[in-house]
Amino acid sequence: MAKIAFKMQLKPGCKSIYEQRHAEIWPELKLLLKEAGVSDYSIFLDESTNTLFAVQEQSSGQSSQHLGSHPIVQRWWQYMADIMETNPDNSPVSQPLAQVFYMP
């Protein structure tokens, strides 16, 4: 199992809608992530900068960010595009983060 982390940017004032949408995550998206080997997936928010910090374990060598060609993921990106900083294809602007410390 590999653990990866990345950051994204939430638009100001969108915390509660972001939380609501993720509380109601589509079952088909959740299943797709699990089938792709993504587990133990958490997203945190730095409210002072609106930076989202995501961390997930993955067993397949790919993170949730590698599923962008799947229609379910494309629909999710479109659904979230109004509240996040996005690329022209509606994917969230995402920056991978390097692990610099780990304590098991």
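See the structure above.
Source: prediction; values computed, not measured.

A tally of helices and strands in the protein yields three helices and four strands. Secondary structure elements of the protein occur, N-terminal to C-terminal, as β-α-α-β-β-α-β. Rg of the C-alpha trace for the protein: 13 Å, near the compact-globule value of 13 Å for 104 residues, within the 12% margin. Viewed in the frame of its principal axes, the protein has a C-alpha envelope of about 35 × 30 × 25 Å. When the 104 residues of the protein are sorted by exposure, 34% land in the buried category. Long-range pairs, those at least 24 residues apart, make up 69% of the contacts in the protein between residues at least 6 apart in sequence. For the protein, the accessible area works out to roughly 6,600 Å², and carbon and sulfur atoms hold 53% of it. Side chains of the protein give 8 positive and 11 negative charges; the mean places of these two sets differ by 1 Å.

The next subject is the packing of helix α2 (residues 27–35) against helix α3 (residues 71–80). Contact geometry for α2 and α3: axes closest at 10 Å, N-to-C directions at 125 degrees. Looking at the two axes, α2 sits oblique to α3. The handedness of the crossing between α2 and α3 comes out as left-handed. Contact with α2, carried on its side by E28, L29 and L32, involves I72, V73, R75 and W76 of α3 and no other residues of that element. When its residues are assigned to classes, the contact of α2 with α3 shows five nonpolar, no polar and two charged.

M8, L10, Y18, L29, I83 and M84 are the most contacted members of the largest nonpolar core, which has 21 residues in total. For this core, the secondary-structure elements that each account for two or more residues are β1 (2–9), α2, β3 (51–58) and α3. Among the elements that take part in this core, α3 stands out by supplying five residues, more than any other. Residue contacts for L10: discarding those within four places in its chain leaves K15, Y18, L45, N50, L52, I83 and M84.

We now examine α2. Every buried residue of α2 is listed here: L29, L32 and L33. Buried residues along α2 cover an arc of 100 degrees about the axis, so they all sit on one side. Exposed and facing more than 90 degrees away from the buried side of α2 are P27, K34 and E35. On its buried face, α2 is in contact with β2 (38–46) and α3.

Criteria and cut-off values
Residues numbered from 1 in each chain as written. Predicted model: local features only at pLDDT ≥ 70, side-chain atom pairs only at ≥ 80, totals over all residues. Heavy atoms only, no water. Helix = DSSP H or I, 4+ residues; strand = E, 2+ residues; numbered from the N terminus. Rg over C-alpha atoms; globule rule 2.2 N^0.38 Å. Buried < 20%, exposed > 50% of the residue type's maximum accessible area, 1.4 Å probe, protein only. Contact = heavy atoms within 4.5 Å. Areas by Shrake-Rupley, 256 points an atom, 1.4 Å probe, with all protein chains shown as cover. Lys, Arg positive; Asp, Glu negative; His and termini not counted. Charge placed at Lys NZ, Arg CZ, Asp CG, Glu CD. Axes fitted to C-alpha atoms, helices over the stretch in contact; angles between N-to-C directions. Parallel < 35°, antiparallel > 145°, perpendicular 65-115°, else oblique. Left-handed = near helix turned anticlockwise from the far one by under 90°. Nonpolar A, V, L, I, M, F, W, Y, C, P; charged D, E, K, R; others polar. Core = buried A, V, L, I, M, F, W, Y, C linked by side-chain atoms within 4.5 Å. Arc of directions from axis to C-beta.

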